[in-house]
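These are the residues of each chain, in order.
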Amino acid sequence: MKELLVSNITELRKKSGVTQEALAGAVGVTRQTIIAIERGNYSPSILLALKLAKFFKKSVEDIFILKHV
C-alpha cells in the first residue's frame, strides 16, 4: 500500500488571507516551496512542518494528513 502526504496549507492560507509569498517569508522558504507543498509535490522537513504549524496555530497533524492509497 502506498502512502501519500496531503496538506491543507492552501485552505488555511486562503482562510487566513495570506499570500504564498508572505507565508514563505514568514517560515523562511521560497514561494516555490510553498507552491510545491500545496500541489503535493514536496514533503516538508519536520522543521518546516513545525514552522507552518506554529504560523497557523495548529498542530502538524491538523495540517498534514498521511493517506493510504
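The rules we used
All residue numbers refer to position in the chain's written sequence, counted from 1. Selection of residues for local features in this predicted model requires a pLDDT of at least 70, selection of side-chain atom pairs for listing and counting requires 80 or more, and totals for whole chains, interfaces and linings are taken over all residues. Just so you know, side-chain values use all the structure's heavy atoms and leave hydrogens and water out. Starting at the N terminus, helices and strands are each numbered in turn, a helix being any DSSP run of H or I of at least four residues and a strand any DSSP run of E of at least two. In protein, a polar contact requires one atom able to donate a hydrogen and another able to accept it; more generally it is a pair of N or O atoms within 3.5 Å, and residues adjacent in sequence count only if both atoms are side-chain atoms. Should any heavy atoms of two residues lie within 4.5 Å, those residues are counted as being in contact. Classification of residues uses two cut-offs on accessible area relative to the type maximum, computed with a 1.4 Å probe and protein chains only: under 20% is buried, over 50% is exposed, and between them is partly exposed. Arc, as used here, means the arc of the directions from the helix axis to the C-beta atoms.

Novice: Please explain the side chain of Gln20 as it appears in this structure.
Specialist: Here Gln20 is to be found in helix H2 (residues 20-27). At 2.8 Å, the side chain of Gln20 and the side chain of Glu38 are in polar contact. Those residues in contact with Gln20, other than ones at most four positions away along the chain, are Arg13, Arg31, Ile34, Ile35 and Glu38.

Novice: Sorry if this is basic, but what is going on with H2 here?
Specialist: Residue pairs three or four apart in sequence face the same way in an α-helix, which turns once every 3.6 residues. Taken together, the buried positions of H2 are occupied by Gln20, Leu23, Ala24 and Val27. On an axial view of H2, the arc spanned by its buried residues comes to 100°, and they lie on one face. Set apart from the buried face of H2 by more than 90 degrees, the exposed residues are Glu21 and Gly25. Taken together, the buried residues of H2 touch helix H1 (9-16), helix H3 (31-39) and helix H4 (46-56).

Worth remembering: the numbers are spatial, not functional.
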